[in-house]
Amino acid sequence: MAKRFSFRFCALSLAVHACFAGIPLLLPTPGIAAQGNQQTSIRTLSDKGIYWYERYRFDLAVQSFNKILLLDPSNASALRWQGLIDLARGDIQAANVWLGKLQMLHGNHPFAIELQQSIALAGEKRQPFAELRYLAVSEQVPVDLPQRLRQLLPQAPLGDAAVQIYRLMSRTTEGREYAKKQTLALMQQFPEDLRYTKLLAELGGITKPATRKTAPRTTPKPPINAAVIEPSPPSLTTETPVVSNFERGQQLGDQAQQHIQQGNTTAAASLLQQAIDLNPAYPWFRYDLATLLDDQGDMGSKQSAQRLMDQGMSKDPSAEMRFASALLAARQNRGKDALDLINAVPRENWTEGMSALEKRVLYSRHLDSLRALEQQGRYNQLANAMGANPTWRAEPEVQDIEQNLQQKKQVRLRMSYDNAVIDGEEGVSKIETNEVPLQIDLPLDFERTLFLRADTLNAKSGRVNPATASNFAKLGTTLATDPAISSDRLDQNYNGHVVGVGIQTDQYRIDLGTTVGDYPVNDWVGGVQWRTDLGNGSLRLEVARRMVNGSVLSTTGAVDPLTGETWGGARRNGVSAVYYEAFSPTLDFVGIARANLITGKNIPDNTEVNLQGIVGKTVYQRPGHEVEIAASLFLWSFQKNLRFYSFGQGGYYSPQAFASLTFPVTWTGRLNDWSWQIQARLGASESREDDTQLYPLHPELAAAAAAQGNPTLQAGGPGGGGSTGLRLALERQIIKNLVVGAYFEIDRSEGYNPDRLQAYVKYSFGDFFELSAPPEGVAPYSRF
């Protein structure tokens with residue numbers, strides 16, 4: 001019995017000894033345990049630092065990252081964040097020091113690339129990036145904005161640079177899709193970086209919960225006297241830890257962030273509200289819920305976010321609560337409220353974040369006022385405002401506005417060669433014009449520009465051929481074979497100029513001019529035009545007297561081959577209105593109405609009315625490319641039919657009823673220093689013309705023609721048919737202040753086949769002349 005007990009005791013002793021001997025094999029060694037604890041501490045400190053960085057508490061953020069570098073002096077993430085904090089403070093030199101350490105320790109590490117890109121955007125790329133930011137918030141966002149943003153940096157953006165660039169890129173449909181794709185790739189490559197997750201949610205992408213397992217995010221400086229949840233009675237086997245309301249609030253906040261990443265904002269809001277209920281005087285749980293509500297976008301949610309922070313102020317109007325409330329106010333563009341909140345805190349108690357917020361709000365307010373003046377075309381006031389407040393002159397957005405402003409005072413020259421041909425009978429209805437439009441712009445101040453026009457206009461119809469003349473007068477008062485006709489009067493070719501002077505702004509244009517030269521009829525032209533914005537549209541009104549193109553007779557007048565008497569030189573005297581409305585970024589409407597009294601020398605007065613409506617739909621849009629299809633309905637009517645060339649007729653097409661329906665397809669593009677537009681048109685029309693007297697103002701001529709057995713009446717009738725058209729335009733910026741371009745246009749329909757070609761140059765005597773997209777030629781003064 002004793003032996004058996006001794007054996008069992010020895011066996012038990014050996015077993016117990018073996019168990020204790022095996023414990024070192026089952027538990028981590030001291031080195032491994034310390035390493036795990038250090039990584040947990042680094043993650044916790046990093047979460048704290050990012051938390052305060054996002055709330056402009058750079059002083060607290062720096063403390064967290066400094067502690068990381070004490071634990072791990074070569075930590076790439078902490079080195080990166082220290083550089084980003086110095087950039088946020090405006091210290092590029094200090095940020096470059098951190099970049100140097102990063103590159104020395106880690107080479108071309110992604111965090112080094114991220115910091116280098118952020119430094120570039122704040123330094124050497126500051127001006128071009130500011131210009132692109134300005135374009136992104138402009139009324140007409142360039143279709144090639146995403147492409148230009150992609151060319152800004154030599155590598156795909158990371159970190160803060162990615163957030164800024166992809167937000168701007170999302171201003172176009174194509175850019176948004178590209179930004180979502182790139183952000184999703186970044187989120188998968190850097191799952192611990194919640195900036196990408198938040199950005200993807202902002203862009204409307206499908207997000208997934210973060211995959212990394214972290215300890216609950218802890219926030220420094222919990223509220224004083226935070227309440228403690230009493231532990232439940234201990235059981236026989238376990239002991240329940242004591243958890244403060246603040247710690248519980250942090251756990252709820254972390255759970256809320258996971259729900260936000262999954263797109264479950266309702267659950268996130270509920271968890272954050274629980275955290276607030278546990279810690280009603282702590283500002284940052286409130287701020288997280290307020291920003292979640294604000295991001296919903298609707299007015300009700302934004303008002304709820306504001307009420308939430310107002311309730312916090314009523315419970316504890318501390319400096320931290322004021323700062324959090326001010327951050328929300330600035331986020332909601334309530335700059336005055338933001339400043340009032342932090343100004344209640346004594347300056348000596350201000351944190352670095354408060355100073356940064358004040359600067360941001362004041363700058364945003366100043367920038368908004370400048371942009372409002374710029375959009376309203378009040379450039380003189382804009383110049384005064386910039387001169388009166390030089391504090392922000394060094395900021396890139398302000399410099400960009402100032403550069404645009406100075407360009408308005410540059411002398412500019414526009415010149416072209418324009419050739420237009422309409423087929424017809426030699427010496428009668430045929431017309432070929434060769435014009436050299438020339439305009440010089442002389443700025444009077446930042447708003448008003450004096451422009452001078454000196455166009456050359458050569459109009460040729462050719463020579464009347466007596467051998468092919470019909471049995472009544474096609475041109476003038478008698479037959480082309482009449483022996484009394486002077487031979488040199490059979491040529492209907494005239495050379496001269498159209499000169500004028502005017503003043504224009506973004507809102508109005510006033511001009512006055514006249515034709516000079518050997519034209520049979522010289523007369524004045526001019527007009528007053530006024531434009532205003534109307535919400536998403538605009539309205540342009542004009543009262544004007546303009547030339548009537550279509551034939552030599554209507555444009556310059558003609559000489560009667562028999563008597564040498566002149567007639568023609570028609571002028572449109574009337575009013576017009578052009579209304580534009582953008583229903584959406586891809587759907588718009590243009591409505592045009594005109595009413596004119598047409599007068600001229602030795603021709604009857606005539607009234608003209610026309611209406612036109614155009615609906616356009618963008619069906620394809622990519623960076624630098626846009627395709628639009630449209631439908632255009634045109635209605636036109638004249639009191640009298642005066643389209644013939646006998647003495648007293650006007651020589652211009654003037655149907656009593658005309659209707660056309662046209663379907664143009666237009667491709668507009670821009671790539672680097674090129675822009676182009678290609679348009680193809682297909683349509684159909686119906687018309688009706690009344691009978692017309694060949695000598696409407698001269699019954700004696702009609703009697704003489706009748707005595708000779710010649711017609712005195714031209715029969716009218718129905719007309720119309722199908723039509724096609726094509727227009728090609730191309731423009732190139734040769735150097736910054738020199739642009740050249742050309743376009744070609746043809747129309748083909750029954751009885752009307754005009755061709756037109758123009759080559760042009762635009763030059764600034766300053767440092768810049770913008771490339772137009774679509775291309776914009778130089779309109780002859782005769783076609784104003």
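**Digging into the pattern of salt bridges**
Summed over all chains, the structure comprises 46 salt bridges. Across the pair arginine 167 and glutamate 202 runs a salt bridge, and its minimum N-O distance is 3.0 Å. Taken together, the residues span a long stretch of sequence, with arginine 167 in helix H9 (residues 159-169) and glutamate 202 in helix H11 (residues 194-203) at a distance of 35 residues. The salt bridge involving arginine 334 is made with aspartate 337; its shortest N-O contact spans 2.8 Å. Overlapping salt bridges, with partners in common, bring together Arg80, Glu114, Asp160, Asp193 and Arg195 in one network.

**Some points on the nonpolar core**
It is characteristic of soluble globular proteins that their nonpolar side chains tend to be buried jointly. If you look at the biggest cluster of nonpolar residues, it comprises 90 residues, and the most contacted ones within it are Leu115, Leu149, Ile165, Tyr166, Trp284, Ile342 and Leu357. Among the elements that make up this core, the one with the highest residue count is helix H16 (residues 319-331) (eight residues). Beyond its immediate chain neighbours, meaning those up to four positions away, leucine 357 contacts Phe323, Ala326, Leu327, Ala330 and Ile342.

**Some details on a nonpolar patch on the surface**
A contiguous nonpolar patch, built from Leu611, Leu633, Leu635, Leu661 and Phe663 and spanning about 440 Å² of accessible area, is present on the exposed surface. Of all the secondary structure elements, the ones that give two or more residues to the nonpolar patch are strand E13 (625-638) and strand E14 (657-671). Within the element layout of this structure, phenylalanine 663 appears in strand E14. Relative accessible area serves as the criterion here: at 45%, phenylalanine 663 is assigned to the partly exposed category.

**Overview of the environment of aspartate 400**
Structurally, aspartate 400 can be placed in helix H20 (residues 396-407). Residues aspartate 400 and glutamine 127, 273 residues apart in the sequence, show an inter-C-alpha distance of 7.3 Å. Discounting residues that sit within four places of it in the chain, aspartate 400 has contacts with Gln127, Glu131 and Tyr134.

**Side note on the packing of H16 against helix H17 (residues 335-343)**
Between H16 and H17, whose axes approach to 8 Å, the crossing angle comes to 170 degrees. By the angle between their directions, the pair H16 and H17 is classed as roughly antiparallel. In this structure, H16 meets H17 at a crossing whose hand is left-handed. Packed against H16, whose contacting residues are Arg322, Phe323, Ser325, Ala326, Ala329 and Ala330, the element H17 presents Gly335, Asp337, Ala338, Leu341 and Ile342 at the interface. The class makeup of the residues in the contact of H16 with H17 is seven nonpolar, two polar and two charged.

**A few points about the packing of aromatic side chains**
Within the structure shown, the criterion is met by 26 aromatic pairs. When the centroid spacing of 5.8 Å and the interplanar angle of 70 degrees are considered together, the rings of tryptophan 636 and tyrosine 653 count as edge-to-face. With tryptophan 636 in strand E13 and tyrosine 653 in the loop between E13 and E14, the pair connects residues that are 17 residues apart, well separated along the chain. On the accessibility criterion, tryptophan 636 (17% relative accessible area) is buried. In this structure, arginine 55 is placed above the aromatic ring of tyrosine 51, and the distance from its NZ or CZ to the ring centre is 3.8 Å. Above the face of the phenylalanine 111 ring, arginine 80 is positioned so that its terminal group lies 3.9 Å from the ring centre.

**Regarding the pairing of E14**
Bridge analysis of E13 against E14 gives ten bridges, and the strand direction is antiparallel. Across the sheet, isoleucine 629 pairs through a bridge with valine 665, a residue of E14. The pairing of E14 with strand E15 (residues 674-689) spans 15 bridges and is antiparallel. Residue pairing across strands places leucine 671 opposite tryptophan 674, the latter belonging to E15.

**Things to note about H11**
Within an α-helix, residues lying three or four positions from one another point in the same direction, as the helix has 3.6 residues per turn. Of the positions making up H11, those classed as buried are Arg195, Tyr196, Thr197, Leu199, Leu200 and Leu203. On the buried face of H11, the contacting elements are helix H4 (76-88), helix H6 (110-122), H9, helix H10 (173-189) and helix H12 (245-261). Downstream of H11 by a residue or two, glycine 204 has a phi angle that is positive, lying close to 90 degrees.

Rules behind the numbers
- Residues take numbers from 1 onward in each chain, read along the sequence in its written order.
- In keeping with the predicted nature of the model, local features appear solely for residues at pLDDT of at least 70, side-chain atom pairs appear and are counted solely at 80 or more, and the whole-chain, interface and lining totals rest on all residues.
- Note: side-chain values were computed over all heavy atoms of the structure, leaving out hydrogens and water.
- A carboxyl oxygen of Asp or Glu within 4 Å of a side-chain nitrogen of Lys or Arg is what we treat as a salt bridge.
- Helix and strand definitions here come from DSSP, where helices need a minimum of 4 consecutive H or I residues and strands a minimum of 2 consecutive E residues; each element is numbered from the N-terminal end.
- By nonpolar core is meant a set of buried Ala, Val, Leu, Ile, Met, Phe, Trp, Tyr and Cys residues that side-chain atoms within 4.5 Å join together.
- To sort residues, take the accessible area from a 1.4 Å probe on protein chains only and compare it with the maximum for the residue type: under 20% means buried, over 50% means exposed, and anything in between is partly exposed.
- Here a residue-residue contact requires only that any non-hydrogen atoms of the pair lie within 4.5 Å.
- Patch criteria: residues need more than 30% relative accessible area and no salt bridge. Like-charged residues are merged within 9 Å; nonpolar side chains of Val, Leu, Ile, Met, Phe, Trp and Tyr are merged within 5 Å.
- Using the Shrake-Rupley algorithm and a 1.4 Å probe, accessible areas are obtained, with residue cover drawn only from the displayed protein chains.
- Note on method: axes are straight lines fitted to C-alpha atoms, helices fitted across the in-contact stretch only, with angles between N-to-C directions ranging 0 to 180 degrees.
- Relative orientations are named as follows: roughly parallel for angles under 35 degrees, roughly antiparallel for angles over 145 degrees, roughly perpendicular for angles from 65 to 115 degrees, and oblique for any other angle.
- Handedness of a crossing is defined here by the sense of rotation of the near helix relative to the far one, left-handed for an anticlockwise turn of less than a right angle and right-handed for a clockwise turn.
- Three classes are used: nonpolar for Ala, Val, Leu, Ile, Met, Phe, Trp, Tyr, Cys and Pro, charged for Asp, Glu, Lys and Arg, and polar for all others, with Gly counted as polar.
- Aromatic pairs are defined between Phe, Tyr and Trp rings, using the six-membered ring for Trp, whenever the two ring centres lie within 6.5 Å; interplanar angles under 30 degrees are classed as stacked, those over 60 as edge-to-face, and all others as tilted.
- A ring is considered to have a charge above it if a Lys NZ or an Arg CZ atom is located within 6 Å of its centre and within 35 degrees of its normal.
- One bridge is not enough; two strands pair if DSSP finds at least two bridges between them.

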